[in-house]
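Chains, contacts and geometry: an overview
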Amino acid sequence: MTLKNTILLFTILIALPMVSQDTSPSVSFWNILKSHCGKAYEGSLALPEEDESFGGKKLVMHVRACSENEIKIPFYVGDDKSRTWILTMNDGILSLKHDHRHEDGTEDDINFYGGTASNAGKKEIQFFPADVRTQQLIPDAATNVWWITLDDKTFTYNLKRLGTERIFKVVMDLTKPIAQPEAPWGWID
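Attention in this report is confined to the structure presented alongside it.

Reading the values: the criteria
- Residues numbered from 1 in each chain as written.
- Predicted model: local features only at pLDDT ≥ 70, side-chain atom pairs only at ≥ 80, totals over all residues.
- Heavy atoms only, no water.
- Buried < 20%, exposed > 50% of the residue type's maximum accessible area, 1.4 Å probe, protein only.
- Helix = DSSP H or I, 4+ residues; strand = E, 2+ residues; numbered from the N terminus.
- Contact = heavy atoms within 4.5 Å.
- Polar contact = N/O pair within 3.5 Å; in protein donor to acceptor, adjacent residues only side chain to side chain.
- Disulfide = S-S within 2.5 Å.
- Core = buried A, V, L, I, M, F, W, Y, C linked by side-chain atoms within 4.5 Å.
- 1 Å grid on protein atoms, 1.4 Å probe; cavity = no way out; pocket = protein on both sides within 12 Å on 5 of 7 lines; lining within 4 Å.
- Points joined across faces, edges and corners; volume = space filled by probe spheres on them.
- Nonpolar A, V, L, I, M, F, W, Y, C, P; charged D, E, K, R; others polar.
- Salt bridge = Lys/Arg side-chain N within 4 Å of Asp/Glu carboxyl O.
- Phe/Tyr/Trp six-rings, centres within 6.5 Å; stacked < 30°, edge-to-face > 60°.

Another point: helix H2 (residues 25-34). Listed in full, the buried residues belonging to H2 are Ser26, Ser28, Phe29, Trp30 and Leu33. Against strand E4 (70-77), strand E5 (80-90), strand E6 (93-100), strand E8 (125-129), strand E9 (144-150) and strand E10 (154-161) lie the buried residues of H2.

Put into structure tokens, the structure is as follows:
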């Protein structure tokens, strides 16, 4: 091997790690969440401990539909099948929207609110500050920040309204899949 070929080989070996990119944290998060597609899990309300709407009710999430750029997760509160979390991936950045339906399937007046991550986050946590549409739709929610954590054992959905006492946290147990629930209200397969 000539000196020229040796230098070329050495240069390639040194440059190779710089050229190859690691998977971004948001893509890792996305792939982990997608691995749960088709599965349903039960969870519990962690905060606030005393909540009239969610306290004492069976809480279920169903990672029901997954495509390349969208994951839909219906969230059931007792017999209420009105909520679906919709996560989308666009250029490595995740967005979270809330789809709310009435029992007849029609959209709620307050619908498709949420936020978009400001960066790639971390593989185990993604933050979604309220977007402009949310601020226009729900002025009091202008300071909302949602976040989802994900690991081998739990999925948590969280909400904090900055500048207020409002906080919400649901913890879903990913170690025990349950039977898939019926379709949420307004669902079209």
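What follows is about the environment of lysine 81. With respect to the helices, strands and loops of the structure, lysine 81 is situated in strand E5. Counting along the chain gives 19 residues from lysine 81 to histidine 100, while the straight-line C-alpha distance between them is 9.0 Å. With sequence-adjacent residues up to four places away left out, lysine 81 is seen in contact with Tyr76, Glu182, Ala183, Pro184 and Trp185. A polar atom in the side chain of lysine 81 sits 2.7 Å from the side chain of glutamate 182.

It is worth spelling out the state of the cysteines at this point. Across all of its chains, the model carries one disulfide by this definition. There is a disulfide in this structure between cysteine 37 and cysteine 66, and the S-S distance comes to 2.3 Å. One disulfide, between cysteine 37 and cysteine 66, carries an S-S torsion of 115° and so falls in the right-handed class. Of this pair, cysteine 37 sits in the loop between H2 and strand E1 (40-47) while cysteine 66 sits in strand E3 (residues 65-66), and the two are 29 residues apart along the sequence.

This paragraph deals with the nonpolar core. If you look at the biggest cluster of nonpolar residues, it comprises 31 residues, and the most contacted ones within it are Ile73 and Phe155. No other element matches E4, which puts four residues into this core.

So, about the layout of surface pockets. Regions of empty space are outlined by a rolling probe, equal in size to a water molecule, passed over the atoms. Each pocket or cavity is described by its volume, and for the largest pocket that value is around 450 Å³. Contributing to the lining of the largest pocket are 21 residues, with Phe54, Tyr113, Tyr157, Leu159 and Arg166 lying nearest its centre. Taken together, the elements giving at least two residues each to the lining of the largest pocket come down to E5, E6, E9, E10 and strand E11 (167-173). The class makeup of the residues in the lining of the largest pocket is 13 nonpolar, four polar and four charged.

Moving on: the pattern of salt bridges. Considering all chains together, one arrives at six salt bridges under this definition. Ionic pairing is found between aspartate 131 and lysine 97, a salt bridge with its closest N-O pair at 2.4 Å. With aspartate 131 in the loop between E8 and helix H3 (132-137) and lysine 97 in strand E6, this pair connects stretches of sequence that are 34 residues apart. In this structure, the salt-bridge partner of arginine 101 is aspartate 99, at a minimum N-O distance of 2.8 Å. Here the two residues arginine 101 and aspartate 99 agree in accessibility, since each one is buried.

It is worth spelling out unusual backbone geometry at this point. The omega angle of the peptide bond from leucine 47 to proline 48 is -10°, so this bond is cis rather than trans. Structurally, proline 48 can be placed in the loop between E1 and strand E2 (59-62). A positive phi angle, close to 55°, is found at aspartate 91, a residue other than glycine. Within the secondary structure layout, aspartate 91 lies in the loop between E5 and E6.

Evaluation of the coordinates by the stated rule reveals eight aromatic pairs. Relative to tryptophan 85, the ring of phenylalanine 75 has its centre 4.6 Å away and its plane inclined at 15°; by these criteria the two rings are stacked. Within this pair, whereas phenylalanine 75 is found in strand E4, its partner tryptophan 85 is found in strand E5, the two being separated by ten residues in sequence. You'll find phenylalanine 75 and tryptophan 85 in the same group, each marked buried. A connected cluster of aromatic rings, assembled from ring pairs, spans Phe54, Phe75, Trp85, Phe155, Tyr157 and Phe168.

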